[in-house]
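An overview of the molecular structure
Listed below are the residues making up each chain.
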Amino acid sequence: MLRCAILVSGRGSNMEAILKAKASGDLPIEVAVVATDRPGAPAITIARRYGVNTFEPSPEQAGDKRTFFSILTQKLQELDVDLIVLAGFMRILPPDFLARYPERIINIHPSLLPAFPGLKAQRQALEYGVRFTGCTVHFVDEGVDSGPIIDQRVVPVYPDDTEESLAARILVEEHRLLPACIRLFAEGRLRIEGRRVRILPPTETR
Ligand code: GAR
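It should be emphasised that the depicted structure is a prediction, and the values quoted were computed from it without experimental measurement.

Remark: a regular strand shows side chains that alternate across the two faces of the sheet. The pairing of strand β8 (residues 190–193) with strand β9 (residues 196–199) spans four bridges and is classified as antiparallel. Residue Arg-191 lies in a different strand from β9, and its bridge partner there is Arg-198. As consecutive antiparallel partners, β8 and β9 are separated by two residues, and within that stretch Gly-194 has a phi angle of approximately 65°, a positive value.

In this section: the pattern of salt bridges. Opposite charge on two side chains makes pairing possible when the charged atoms of those side chains draw close. With the rule as written, the count across this model stands at nine salt bridges. A salt bridge links Arg-183 to Glu-187; its shortest N-O distance comes to 2.6 Å. Judged by its relative accessible area of 30%, Arg-183 falls in the partly exposed class. For Glu-187, a relative accessible area of 26% puts it in the partly exposed group. One salt bridge connects Glu-193 with Arg-198, and the closest N-O pair in it is separated by 2.9 Å. The structure contains a network of salt bridges with shared partners spanning Arg-183, Glu-187 and Arg-189.

A separate point is the layout of surface pockets. Computed from the structure, the largest pocket encloses a volume of approximately 990 Å³. Gly-88, Phe-89, Met-90, Pro-110 and Leu-119 are, among the 39 residues lining the largest pocket, the residues nearest its centre. Contributions of two or more residues to the lining of the largest pocket are made by α1 (13–23), β5 (105–109), α6 (121–128) and α7 (163–186). Tallying contributions element by element places α7 first for the lining of the largest pocket, with six residues. Tallied by class, residues from the lining of the largest pocket come to 17 nonpolar, 12 polar and 10 charged.

Take unusual backbone geometry next. Of the consecutive residues Leu-113 and Pro-114, the connecting peptide bond is found in the cis state with omega at 15°. You can see Pro-114 is positioned in the loop between β5 and α6. The phi angle at Glu-103 is positive, at roughly 60°, despite the residue not being glycine. Mapped onto the elements of the fold, Glu-103 is located in the loop between α5 (95–100) and β5. Phi angles above zero are rare outside glycine, and Lys-120 is one such case at about 50°.

So, about the packing of α1 against α7. Between α1 and α7, the shortest axis-to-axis distance is 9 Å and the interhelical angle comes to 50°. Classified by the angle their axes make, α1 and α7 are oblique. Relative to α7, α1 is oriented so that their crossing is right-handed. Here Ser-13, Asn-14, Ala-17, Ile-18 and Ala-21 of α1 lie close against α7, whose contacting residues are Leu-171, Glu-174, His-175, Leu-178, Pro-179 and Ile-182.

Rules used throughout
Position labels on residues start from 1 in each chain and follow its written sequence. Selection of residues for local features in this predicted model requires a pLDDT of at least 70, selection of side-chain atom pairs for listing and counting requires 80 or more, and totals for whole chains, interfaces and linings are taken over all residues. Hydrogens and water molecules were not included; the side-chain quantities draw on all heavy atoms of the structure. By definition, two strands form a pair when at least two bridges between them are found by DSSP. Segments assigned H or I by DSSP are reported as helices when at least four residues long, segments assigned E as strands when at least two residues long, and all are numbered from the N terminus. Salt bridges, as used here, are contacts in which a Lys or Arg side-chain nitrogen is within 4 Å of a carboxyl oxygen on Asp or Glu. Buried residues are those whose accessible area, probed at 1.4 Å on protein chains only, stays under 20% of the maximum for their type, while exposed residues exceed 50% and partly exposed ones sit between those limits. Both site types are read off a 1 Å grid over the protein atoms alone. A 1.4 Å probe that fits but cannot get out defines a cavity, while an open set with protein on both sides within 12 Å along at least five of seven lines defines a pocket; lining residues have an atom within 4 Å of a point. Grid points are joined across faces, edges and corners, and a volume is the space filled by probe spheres set on the points. Basically, the charged four are Asp, Glu, Lys and Arg, the nonpolar ten are Ala, Val, Leu, Ile, Met, Phe, Trp, Tyr, Cys and Pro, and anything else, Gly included, counts as polar. Between the N-to-C directions of two axes lies an angle of 0 to 180 degrees, each axis being a line fitted to C-alpha atoms and, for a helix, fitted only over the stretch in contact. Orientation is classified from the angle alone, with under 35 degrees giving roughly parallel, over 145 giving roughly antiparallel, 65 to 115 giving roughly perpendicular, and any other angle giving oblique. Left-handed describes a crossing whose near helix is turned anticlockwise from the far helix through less than a right angle; right-handed describes the clockwise counterpart. In this description, contact between two residues means that some pair of their heavy atoms is separated by no more than 4.5 Å.

Next comes the structure, spelled out in structure tokens:
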């Protein structure tokens, strides 16, 4: 079974959506570890509740980017991880880390990329005045939220939306989209062709 690492920095609701999908038998993966760069992140408490192996470096280790990524790499190698899922992980990955896991790192972002990359995507969408935004799951490359797109979901923006109400509406879709994309990866149904990701029908993999 596909061995997955989930990287988190905060609340952990996307991570929990993955763990729930797995618990209900919907996701053919092993969660080898949930790792964070923010010791004490609420996500880690949730992961432990699900009985998942967690990796939480000391504040000193986490504070030094080089040290953090070198101990994380060692951990992921030990655990023989096949896929790394960034679920609200708020750090840019260094090039040597990316190079170790080509086409094996995916991220969820709360906008319809390439619109509104980076931080505060929901605020960017509100300020720009778009009528629709959403969420994107994509492979991670050297850029910021710029890798090949696996799938997206569209969410309307209402005139009286606040950043919070919009974020909450997007989050509902995030929690569906991320497990669905992980499942496609686990089933071997994603083919990267340049910038485009082809989703193979279930039968082609048999
Ligand atoms: C989610 O909305 C996720 O899309 C976003 O952070 C939130 C994490 O929430 N990620 C990014 O903005 C990455 N650029 P969660 O910890 O409850 O899953």
